[in-house]
Amino acid sequence: MKKFLLWLLMVLLGIAALLGGTVWYFYSGAQIEVLPQITANGQAIEASGCDYQVPVLGGVLFKQDARVIDRQPVLIETEERHIPITPDAAAIEITVAITKENQTVFEGSLGEYEAFRFPANGTYDYKVVQKFAPAAENERPRAYGSASYEFQVRVSVELSVTSTPSTAKQGDIVMVRVANNLDNTQPSAVLSDGTRLNFIQVNGDYTAYLPISYIQETGKYTITVTLNGQTYELPLTVEYLTYSKINVADASQLPDAAGDSSPASTEQFRSAIWPLYQQMSAEKLWDGVFIAPLPGVNVSFGYGTGSMLPGASTSVRHGGADYTAPDATEGSATNAAAVVAPNAGKVVFAGELGLTGKTIVLEHGGGLKSFLFHLSSVDVSTGSAVTKGQQIGTLAPKATLHYEVRIGNKTVDPVRLMKGDSALYR
């Protein structure tokens, strides 16, 4: 009996040793065979390290697989100010850290990285870490943890100075853009007729908007941009745009003739409005395409239209677009039509003037302003912010609203801003 028990014990010990050896074999050899990749600027990047928990024997046990992989960092060359990073589809969290000459220039999530732009030329060191979640209770056990990726990006960005369109018609806007201005120096620009441009930052680039009014002489011009002592010359051709003309019996039939044009009212207008021409917000405030200030109403008198007085050799040109409110509706609670903000901005004037009646001026950024004259009521105050489409006043039945858009002291065609193809949106 003792011999049998001894034999049984030896068998059990052998089985235990075999099982233990098997477990140890699987446990000691457990590691991630193929680590997930990422892509940076379209180039595959292999992991340079990992810290995983790897399932053993179907998840009965987990073994840590933490190691550093000796790889030569991939070098990516770019002429852009940003490179995209695409993680593994299964990753649940991705962080990006960027250094240049041992100084941290960015550290954050992949979502935050989307807004990052290289601040200067040179070589940047990247470290990307992506994390993977363990399996849910009803899923097959899988490895989880994190993998890290190290690579370099060499940035060689060239300054770009452009304008669009190169051929503009009267009433248009020309956009001048200074892109890839890595040292963030403020540029300056002037048209060959002496018109100075004001730059603001739009989407990371310095951008200026040049108004081509209906009185701009046609012909060839040069826009000269100066930056860091260097000059860049951009050609511009201004073409004539044919405007309609109407004959009027006398000055009382001219657009905006209802205002008080006495010397006192004219001086009041100059004192209140002219200083606004030189003021501007350094921030883009407008939001998308402009809309009509009187929704659902067509223009009754267009921008640039000429009015011919009896015996006159030239017409009186119109610097805005007029909208006439519909007639009163029987049974309506209010007969006044709503006047809305053509775009988002800030109210820089709201009040009544002898020349233009109840008046609102909105700053949309970069010196781009909306001027609304002859309202029946004003619903906003100077200094308040408005959103596109917000009611800012009313217009009585059959009354006429005069709407101007100016950049500086020069008008442009408001209706073209409502079509979405203006250089303002490029």
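Here, the structure is the one placed above.
Residues numbered from 1 in each chain as written. Predicted model: local features only at pLDDT ≥ 70, side-chain atom pairs only at ≥ 80, totals over all residues. Heavy atoms only, no water.

(A) How the structure looks around the overall build of the chain. A tally of regular secondary structure across the chain gives 4 helices and 33 strands. The proportion of buried residues among the 426 residues of the chain is 41%. Contacts spanning at least 24 positions in sequence make up 67% of the contacts within the chain whose residues lie at least 6 apart. As presented, the chain carries roughly 22300 Å² of accessible surface, and 52% of it is formed by carbon and sulfur atoms. (Helix = DSSP H or I, 4+ residues; strand = E, 2+ residues; numbered from the N terminus. Buried < 20%, exposed > 50% of the residue type's maximum accessible area, 1.4 Å probe, protein only. Contact = heavy atoms within 4.5 Å. Areas by Shrake-Rupley, 256 points an atom, 1.4 Å probe, with all protein chains shown as cover.)

(B) Looking closely at the pairing of strand S16 (residues 199-202). The pairing of S16 with strand S17 (residues 205-211) spans 4 bridges and is classified as antiparallel. Within S17, the residue paired with Gln201 across the bridge is Tyr206. Linking two consecutive strands that pair antiparallel, namely S16 and S17, is a turn of 2 residues; a positive phi of about 55 degrees is found at Asn203 within it. (Pairing = 2+ DSSP bridges.)

(C) Structural view of the side chain of Arg81. Following the sequence through the fold, Arg81 ends up in the loop between strand S5 (74-78) and strand S6 (85-86). Buried charge Arg81 goes without a salt bridge, the closest partner of opposite sign being Asp205 at 4.7 Å. Not counting the four nearest positions on each side in its chain, Arg81 is found in contact with Phe116, Arg117, Phe118, Val157, Asn180, Asn181, Leu182 and Gly204. (Lys, Arg positive; Asp, Glu negative; His and termini not counted. Salt bridge = Lys/Arg side-chain N within 4 Å of Asp/Glu carboxyl O.)

(D) Inspection of helix H3 (residues 263-277) at higher detail. In this model, H3 (15 residues) spans 21 Å end to end at C-alpha, consistent with the 21 Å of a helix rising 1.5 Å per residue. Taking the largest bend as the criterion, H3 deviates by roughly 30 degrees, centred on Ser271, and proline Pro275 comes between one and four positions later. The set of residues buried in H3 consists of Ser265, Phe269, Ile273, Leu276 and Tyr277. Among the structural elements, strand S26 (345-353), strand S27 (357-365), strand S28 (368-375) and strand S32 (400-407) are those in contact with the buried residues of H3. (Expected span 1.5 Å × (residues − 1). Bend = angle between axes of the 7 residues up to and from the residue.)

(E) Region of the structure containing the environment of Gln53. One can find Gln53 in strand S3 (residues 49-56). Judged by its relative accessible area of 23%, Gln53 is partly exposed. Along the backbone, Gln53 and Ala143 are 90 residues apart, and their C-alpha atoms lie at a distance of 5.5 Å.

(F) Inspection of the pattern of salt bridges at higher detail. Evaluation of the coordinates by the stated rule reveals 12 salt bridges. When the shortest N-O distance is used, the salt bridge between Lys100 and Glu101 registers 3.9 Å. Judged by its relative accessible area of 18%, Lys100 is buried. We note a salt bridge from Asp413 to Arg416, for which the minimum N-O separation is 3.3 Å. Classification of Asp413 by relative accessible area gives buried; the value is 11%. Residue classification places Arg416 among the buried positions, given a relative accessible area of 16%. Taken together, the salt bridges that share partners define one network made up of Asp172, Asp413 and Arg416.

(G) Summary view of the environment of Leu417. With respect to the helices, strands and loops of the structure, Leu417 is situated in helix H4 (residues 414-417). On a C-alpha basis, the gap between Leu417 and Pro342 in space is 9.8 Å, while along the polypeptide they are 75 residues apart. Once residues lying within four places of it in the same chain are set aside, the contact partners of Leu417 are Ile173, Val289, Phe290, Val405, Ser422, Leu424 and Tyr425.

(H) Highlighting the sheet that holds strand S1 (residues 38-40). On the basis of which strands lie adjacent, the open sheet formed by 3 strands has the order S2-S1-S6 and antiparallel pairing. The open sheet has two edge strands with one neighbour each: strand S2 (43-45) and S6. Inspection of the sheet shows S1 paired to S6 by 2 bridges, in the antiparallel sense. Following the sheet pairing, Ala40 is matched in S6 by Ile85.

(I) Representation of the environment of Glu404. Looking at the element boundaries, Glu404 is found in strand S32. For Glu404, a relative accessible area of 9% gives the class buried. Residues Glu404 and Val415, 11 residues apart in the sequence, show an inter-C-alpha distance of 9.9 Å. Excluding anything up to four places from it in sequence, Glu404 contacts Gly319, Gly320, Lys369, Ser370, Phe371, Phe373 and Thr411. A polar contact is formed between the side chain of Glu404 and the side chain of Arg406, at a distance of 2.9 Å. (Polar contact = N/O pair within 3.5 Å; in protein donor to acceptor, adjacent residues only side chain to side chain.)

(J) How the structure looks around the sheet that holds strand S14 (residues 188-191). With mixed pairing, the 5 strands of this open sheet are ordered in space as S12-S19-S18-S14-S15. Lying at the two open borders of the sheet, with one neighbouring strand each, are strand S12 (167-169) and strand S15 (196-197). Summarising the sheet, S14 and S15 pair through 2 bridges and their orientation is antiparallel. Bridge assignment links Ala189 to a residue of S15, and that residue is Leu197.

(K) Structural view of the pairing of strand S9 (residues 122-132). Note: strand S7 (residues 93-100) against S9, 7 bridges, orientation antiparallel. When the bridges of S9 are listed, Ile94 appears paired with Gln130. Bridge analysis of S9 against strand S10 (residues 144-155) gives 11 bridges, and the strand direction is antiparallel. What sits directly across from Gln130, in S10, is Ala147.

(L) Quick peek at the packing of aromatic side chains. Under the counting rule described, the total for this entry stands at 15 aromatic pairs. Here the aromatic residues Phe106, Tyr113, Phe116, Phe118, Tyr124, Tyr126 and Phe151 are joined through ring pairs into a cluster of three or more. In this structure, Lys100 is placed above the aromatic ring of Tyr124, and the distance from its NZ or CZ to the ring centre is 5.8 Å. (Phe/Tyr/Trp six-rings, centres within 6.5 Å; stacked < 30°, edge-to-face > 60°. Lys NZ or Arg CZ within 6 Å of the ring centre and 35° of its normal.)

(M) Fine view of the side chain of Gln170. Of note, Gln170 is situated in the loop between S12 and strand S13 (173-179). A relative accessible area of 3% means that Gln170 is categorised as buried. In this structure, Gln170 is in contact with Ile212, Ser213, Tyr214, Gln216, Thr218, Val238, Glu239, Tyr240, Leu241, Tyr243 and Arg416, ignoring residues within four places of it in sequence.

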